[in-house]
Amino acid sequence: HDQIYHLFCMAFTFLDLERIEGERRVRIGPRRQHFLQIRRRILEQPQIRALMQQRADETGKSIDSVERHAQKTLKKMQAQMGSRGLARLKKLVDAVWRRIYRGFEIDERGLEELRETGRKGPIIFVPTHRSHIDYLVLSDLLVTRGLLPPHIAAGINLSFWPMGWMFRTAGAFFLRRRYQGDALYSALLKSYVGEILKEGHYLEIFIEGGRSRTGKVLHPKLGLLSVVADLCAAGEVPLVHIVPLSIGYERLVELRSVTRELTGGAKRPESIGGIFRGAKVLRSKRGYGYVNVQFGEALEVQSFLAERGFAGPTSNPELRRRAIRSLGYHSLTRAARITAVTPNSLVAAAVLAPGTRGVPRELLEQAVQLFAVVAKSSGARFVNTLWRQDGQALDEPTLEEAIELLARDEALVVRGGEHDRIYVSEDQARIRLEYYKNLMVTHLLGPSLISIVLRAMQSREMAAVDLPSLRDATRFVISLVRLHFVDNAGEKPDQIFERWLAQMVDLELVRVDEREELVYVDDSCVASLDLLAGLVEGTMETYSACARAMLQMLRGGSRRRPDLQAELLGRLHRWHLTGNLRRFESCQVPLVSVVIDWLCEEGI
């Protein structure tokens, strides 16, 4: 009995220590080793020594020279997170937040679930990436709430002085954009990430590869995610969870530069001069609205990969590739689905949907209400201020506030008197509205695509559309936009169509006959379908116009891709001026680029 009692006491003590250790890990973080110790340990690893010797043999340089190069590479890469760096950055960003934002809306339930997940082991945050401010928001939020801030994977373009030094001391580590073919750099990166995760630190990685210029969630770039997946599958790191999150802004600080790039302007490199040029936003006293942060359901990496056949270095390379690709798409699909709908994104969508230069107040309110109801039926999250107690979307003050924010961005102009107001948006302003619309269009994608197919198939005199034909046409349209939207990971086109059609039936936008052969559209629903179709009409118009232009251009021979893209964009702008293209928002660099990608993938 004494032995059993002692064993029980030991087990209880062990479990209590594990609980205490988990709590300490969440709040204080692991015991950090000095960055010089980490660097020395990485360079002493056998695989790193072998690669350095191989590099020396290939280049004819001495092993000491190659080792100095590897040390320099690690020094450029490594974070040097410390309490002083975090305090310094927090002091700076708090001053900026107070100056430009009205406040933050945080997913409190998701934050509590995050605490529980953090007790199990390291977390990898996968946020949407829409602004340079993304790098600051999560770290500041976690420090404010007494949680462990992450190490942040940042592009080498952000390492310029003094911001690079400030970011590095707050946990940023800097990566080259491209390192394929450089085995030594890849091994150093893998070892460094492995050291971070073994110590129990959190990571924040932006797997879209760069900021979204369109507002949509981009397709994943799998470089750094592959490094993490290899470490997890090989069992070289503790149990790791991916937590998707969405960071949304009522007004985007960089919207002017984004608009310039979307219409063909060159991207300016990040620099201290750019910071000084952007400092004028500080003159806007809380004029950028709210920042919204939403957390998604955690995804356990090792189990996810094992279920798809990737369980370590001996796994089939094709299974490995598919498993990592699936991990990337599932992570971003979850991030896209938790993006909160904001008042100004609804207003932007309502102004753009009819396709006219101006929208009267009555139509604006009808469209806002329609889009909010459809998004709600899709399971979308909403900011706290959106729904009225009577179930209607946006009360009068909130609607006017959203219009004011868009007007500050020169995205629309209000004309007319109190009883005959028209909300006008033309050319460059429509590109800005398109950005805000795209923040929430994923929640309306299904009904919008089916609506545009119905509008294309059905004349006003027809009472019904053949269901199999509608299914086939929608399947084609899903294929058409697959490079634009990250929203349906793990689902087949027929499953997606059935889910979308059921949603439209529930919303009473269409009816299906008892034999499930015909789809009916009542006259009362035609206007709603036209508005929903208008949300994706610009994208479809880009495909159609680019196809027509390429048919004319490529008859004369081949083109280099940059030349083809520039010439297509020029033609689209000319066609808009002559009335052959209805929407200016169809003339965007990313849309033209994706059309070329799609035509290449299809073998056209």
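What counts, and where the lines are drawn
Residues numbered from 1 in each chain as written. Predicted model: local features only at pLDDT ≥ 70, side-chain atom pairs only at ≥ 80, totals over all residues. Heavy atoms only, no water. Helix = DSSP H or I, 4+ residues; strand = E, 2+ residues; numbered from the N terminus. Rg over C-alpha atoms; globule rule 2.2 N^0.38 Å. Buried < 20%, exposed > 50% of the residue type's maximum accessible area, 1.4 Å probe, protein only. Contact = heavy atoms within 4.5 Å. Areas by Shrake-Rupley, 256 points an atom, 1.4 Å probe, with all protein chains shown as cover. Lys, Arg positive; Asp, Glu negative; His and termini not counted. Charge placed at Lys NZ, Arg CZ, Asp CG, Glu CD. pLDDT = per-residue confidence, 0-100. Pairing = 2+ DSSP bridges. Axes fitted to C-alpha atoms, helices over the stretch in contact; angles between N-to-C directions. Expected span 1.5 Å × (residues − 1). Arc of directions from axis to C-beta. Parallel < 35°, antiparallel > 145°, perpendicular 65-115°, else oblique. Nonpolar A, V, L, I, M, F, W, Y, C, P; charged D, E, K, R; others polar. Phe/Tyr/Trp six-rings, centres within 6.5 Å; stacked < 30°, edge-to-face > 60°. Lys NZ or Arg CZ within 6 Å of the ring centre and 35° of its normal. Salt bridge = Lys/Arg side-chain N within 4 Å of Asp/Glu carboxyl O.

So, on to the overall build of the chain. Along the backbone of the chain there are 24 helices and 14 strands. Rg of the C-alpha trace for the chain: 26 Å, near the compact-globule value of 25 Å for 604 residues, within the 12% margin. When its C-alpha atoms are laid out on the principal axes, the chain stretches across 85 × 70 × 55 Å. Within the chain, buried positions represent 54% of all 604 residues. Of the contacts formed within the chain by residues at least 6 apart in sequence, a portion of 76% connects residues at least 24 apart. For the chain, the computed accessible surface area is about 28100 Å², with 53% contributed by carbon and sulfur atoms. For the chain, the distance from the average site of its 85 positive side-chain charges to the average site of its 73 negative ones is 9 Å.

Moving on to the confidence of the model for the chain. Model confidence for the chain is summarised by a mean pLDDT of 88, while 91% of its residues fall at 70 or above. Contacts from residues 12-18, a stretch scored under 50 in pLDDT, to residues over four places away or in other chains number 0 contacts.

This part covers the sheet that holds strand S11 (residues 422-424). Note on sheets: strands pair through backbone hydrogen bonds, and any given pair is parallel or antiparallel. Ordered in space as S9-S11-S10, the 3 strands form an open sheet in which the pairing is antiparallel. Of all the strands in the sheet, just strand S9 (358-360) and strand S10 (413-415) have a single pairing partner and so form its edges. Strand after strand, the sheet turns through a mean of 25° between neighbouring axes, direction not considered. Of the pairings in the sheet, the one linking S9 to S11 comprises 3 bridges and is antiparallel in character. Its bridge partner being in S11, valine 359 is matched across the sheet by tyrosine 423.

Here the focus is unusual backbone geometry. Note that the residue after tryptophan 161, namely proline 162, is joined by a cis bond; omega there is 0°. Positive phi, close to 55°, is recorded for glutamate 410, a residue that is not glycine. Within the fold, glutamate 410 resides in the loop between helix H17 (396-408) and S10. Classification of glutamate 410 as partly exposed rests on a relative accessible area of 45%. For aspartate 427, which is not glycine, the phi torsion reads 45° and is therefore positive. Tracing the chain through its elements places aspartate 427 in the loop between S11 and helix H18 (428-438). Taking the relative accessible area as the measure of exposure, aspartate 427 reaches 36% and is therefore partly exposed.

Before going further, it helps to spend a moment on helix H23 (residues 561-577). The end-to-end C-alpha distance of H23, which contains 17 residues, comes to 25 Å, matching closely the 24 Å that a straight helix rising 1.5 Å per residue would cover. Restricting attention to buried positions, one finds in H23 the residues Leu564, Gln565, Leu568, Leu569, Arg571, Leu572, Trp575 and His576. Across the axial projection of H23, the buried residues extend over an arc of 165°, all falling on one side. Exposed positions of H23 whose direction lies more than 90 degrees from the buried face are Pro562, Ala566 and Leu577.

So, on to the sheet that holds strand S14 (residues 518-520). Overall, antiparallel pairing links the 3 strands, which are arranged S12-S14-S13 in an open sheet. Among the strands making up the open sheet, the edge pair consists of strand S12 (464-466) and strand S13 (511-512). One ladder, built from 2 bridges, connects S13 with S14; its direction is antiparallel. Across the sheet, the residue bridging to arginine 511 is tyrosine 520, located in S14.

With that out of the way, let us pick up the pairing of strand S6 (residues 241-249). Taking burial as the measure, the 9 residues of S6 include 9 buried ones, the bulk of the element. What you see with S6 is no split at all: His241, Val243, Leu245, Ile247 and Tyr249 on one side and Ile242, Pro244, Ser246 and Gly248 on the other are buried throughout. Pairing between strand S2 (residues 123-127) and S6: 5 bridges, direction parallel. If you follow isoleucine 124 over to S6, its bridge partner there is isoleucine 242. Pairing of S6 with strand S8 (residues 299-300) involves 2 bridges; the strand directions are antiparallel.

Orientation of helix H16 (residues 361-377) relative to H17, taken along the N-to-C sense of each, is 105°, at an axis distance of 13 Å. Taken together, H16 and H17 sit at an angle that is classed as roughly perpendicular. Residue-level contacts link Arg361, Leu364 and Glu365 of H16 to Glu396, Leu399, Glu400 and Ile403 of H17. Of the residues assigned to the contact of H16 with H17, the class counts are 3 nonpolar, no polar and 4 charged.

Under the criterion given, the structure shown has 11 aromatic pairs. A centroid spacing of 5.9 Å and a plane angle of 70° characterise the contact between phenylalanine 125 and tyrosine 202, whose relative ring orientation is edge-to-face. Here tyrosine 202 lies in the loop between helix H9 (183-199) and strand S5 (203-204) and phenylalanine 125 lies in strand S2, a separation of 77 residues in the sequence. This pair shows no difference in class: phenylalanine 125 is buried, exactly as tyrosine 202 is. Linked through ring pairs, Trp97, Tyr101, Phe104 and Tyr249 together constitute an aromatic cluster. A cation sits over an aromatic face here: arginine 176 above tyrosine 185, 4.1 Å from the ring centre. Above the plane of the ring of phenylalanine 304 lies arginine 308, whose end atom (NZ or CZ) is 3.6 Å from the centre.

Within the structure shown, the criterion is met by 47 salt bridges. Between arginine 55 and aspartate 182 there is a salt bridge, and its shortest N-O distance comes to 2.8 Å. Taken as a pair, arginine 55 in helix H3 (residues 46-59) and aspartate 182 in the loop between strand S4 (172-175) and H9 lie far apart in primary sequence, 127 residues in all. With relative accessibility at 22%, the residue arginine 55 sits in the partly exposed group. Residue arginine 211 pairs with glutamate 254 through a salt bridge whose shortest N-O separation is 3.8 Å. Of the two residues, arginine 211 is situated in the loop between S5 and helix H10 (223-233) and glutamate 254 in the loop between S6 and helix H11 (255-262); the sequence distance between them amounts to 43 residues. Counted as one network, the salt bridges with shared partners bring together Arg430, Arg455, Glu537, Arg582, Arg583 and Glu585.

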